[in-house]
Amino acid sequence: MTTLTTPRLTIRPLTEADLPALVAYRNDPEVARFQGWPLPSTPQQERQLISNSPLGAAGWVQRALVTPTGELVGDVGLNTQHPQAELGITLSRAAQGQGYAQEALEALLDFCFSELKLHRVHAAIDPRNRAVARLLLRLGFRHEGTHIQSYWHRGEWTDDAVYAVLREEWKRG
Ligand SMILES: CC(C)(COP(=O)(O)OP(=O)(O)OC[C@H]1O[C@@H](n2cnc3c(N)ncnc32)[C@H](O)[C@@H]1OP(=O)(O)O)[C@@H](O)C(=O)NCCC(=O)NCCS
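Residues numbered from 1 in each chain as written. Predicted model: local features only at pLDDT ≥ 70, side-chain atom pairs only at ≥ 80, totals over all residues. Heavy atoms only, no water.

1. Describing helix α1 (residues 19-26)
- By the burial criterion, the buried members of α1 are Leu19, Leu22, Val23, Tyr25 and Arg26.
- Taken together, the buried residues of α1 touch α2 (29-32), α3 (43-46), β3 (59-66), β4 (72-81) and β5 (84-91). (Buried < 20%, exposed > 50% of the residue type's maximum accessible area, 1.4 Å probe, protein only. Helix = DSSP H or I, 4+ residues; strand = E, 2+ residues; numbered from the N terminus. Contact = heavy atoms within 4.5 Å.)

2. Comments concerning the packing of helix α4 (residues 100-115) against helix α5 (residues 130-139)
- One way to put it is that α4 packs onto α5 with a least axis distance of 11 Å and a crossing angle of 45°. The angle between α4 and α5 places the two elements in the oblique class. Between α4 and α5 lies a crossing whose hand is right-handed. Here Ala101, Gln102, Leu105, Glu106 and Leu109 of α4 lie close against α5, whose contacting residues are Leu135, Arg138 and Leu139.
- When its residues are assigned to classes, the contact of α4 with α5 shows five nonpolar, one polar and two charged. (Axes fitted to C-alpha atoms, helices over the stretch in contact; angles between N-to-C directions. Parallel < 35°, antiparallel > 145°, perpendicular 65-115°, else oblique. Left-handed = near helix turned anticlockwise from the far one by under 90°. Nonpolar A, V, L, I, M, F, W, Y, C, P; charged D, E, K, R; others polar.)

3. Digging into the pairing of β3
- Burial of β3 is extensive: seven of the eight residues sit out of reach of the surface.
- Where strand β2 (residues 10-12) meets β3, three bridges bridge the pair, whose relative direction is antiparallel. Bridging from a neighbouring strand, threonine 10 pairs with valine 66 of β3.
- Hairpin connection between β3 and β4: a loop of five residues separates the two successive antiparallel strands, and glycine 70 in this loop has a positive phi of roughly 90°. (Pairing = 2+ DSSP bridges.)

4. Digging into the packing of aromatic side chains
- Tallying each qualifying case throughout the model produces two aromatic pairs.
- A centroid spacing of 5.4 Å and a plane angle of 70° characterise the contact between tryptophan 152 and tryptophan 157, whose relative ring orientation is edge-to-face.
- We note arginine 26 situated over the ring of tryptophan 37; from NZ or CZ to the ring centre the distance is 4.1 Å. (Phe/Tyr/Trp six-rings, centres within 6.5 Å; stacked < 30°, edge-to-face > 60°. Lys NZ or Arg CZ within 6 Å of the ring centre and 35° of its normal.)

5. Re the nonpolar core
- If you look at the biggest cluster of nonpolar residues, it comprises 39 residues, and the most contacted ones within it are Leu87, Leu105, Leu108, Leu109, Val121 and Phe141.
- When residues of this core are traced back to their parent elements, those giving at least two are β3, β4, β5, α4, β6 (120-125), α5 and β8 (156-166).
- In contact with valine 121, not counting residues within four places along its chain, are Ala85, Leu87, Leu109, Cys112, Phe113, Phe141, Tyr163, Ala164 and Val165. (Core = buried A, V, L, I, M, F, W, Y, C linked by side-chain atoms within 4.5 Å.)

6. Quick word on the site of the ligand
- Taken together, 19 residues surround the ligand, and among them Ile89, Leu91, Gly97, Ala101 and Asn129 come closest.
- Glutamine 102 places a main-chain nitrogen or oxygen 3.0 Å from an oxygen atom of the ligand.
- Contact distances for the ligand include 3.1 Å between an oxygen atom and a side-chain N or O atom of arginine 138.
- Residue assignment for the shell around the ligand shows that the elements contributing at least two residues are β5, α4 and α5. (Near = heavy atom within 4 Å. Polar contact = N/O pair within 3.5 Å; in protein donor to acceptor, adjacent residues only side chain to side chain.)

7. A short note on unusual backbone geometry
- In this chain, leucine 39 is followed by proline 40 through a cis amide linkage whose omega measures -5°.
- Looking at the element boundaries, proline 40 is found in the loop between α2 and α3.
- Between histidine 82 and proline 83 the backbone carries a cis peptide bond, its omega angle lying at 10°.
- Mapped onto the fold, proline 83 is located in the loop between β4 and β5.

Here's what the structure looks like:
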């Protein structure tokens with residue numbers, strides 16, 4: 001198990017007690033619009049995200065983003081295929097626009113490059129998702145290319161844009 005801390009967040013494993021809030025924001029159409037999980041989100045489905053595997057274990061490992069008052073504001077996922085990984089992030093609608101995602105991903109990327117010694121981290125996004133594209137560019141990711149209508153998602157062929165950052169590029173680390 002791995003817990004990371006930032007000035008405003010604890011990044012820790014999800015628990016059974018997180019499920020009602022997690023399911024609520026994952027069923028919010030604005031939050032789910034560009035995300036791959038099946039709808040409606042259910043506790044049975046989201047329970048699969050509860051894992052004490054350490055960040056960096058092979059495959060997807062999900063973590064809760066929690067404020068000092070214990071509020072679940074979102075979650076991050078890291079899919080490690082050492083020495084590379086893919087990340088994903090989701091915030092509840094109420095938690096967006098406050099810098100929580102940037103703060104969480106800076107901590108996660110520090111961990112990826114300093115502790116896990118990864119070579120490259122990438123994210124694959126729907127290019128219509130302007131908020132996440134802005135976030136990734138702000139963090140120093142590079143837009144490497146876009147696969148056009150490369151997967152079927154919620155009733156339409158969807159583009160897939162790949163963003164990535166190398167360890168040597170991360171804060172010149
Ligand atoms: C993608 C997502 C996490 C981005 O969230 P976000 O709130 O835009 O990102 P941040 O938490 O970094 O906040 C940045 C915004 O907060 C503002 N902000 C306010 N206070 C801030 C602070 N203290 N520090 C940094 N930014 C702050 C910034 O100006 C920025 O706004 P802007 O993008 O309009 O310029 C969010 O839109 C989301 O959860 N979407 C649904 C799920 C999804 O699609 N995920 C992506 C799939 S990988």
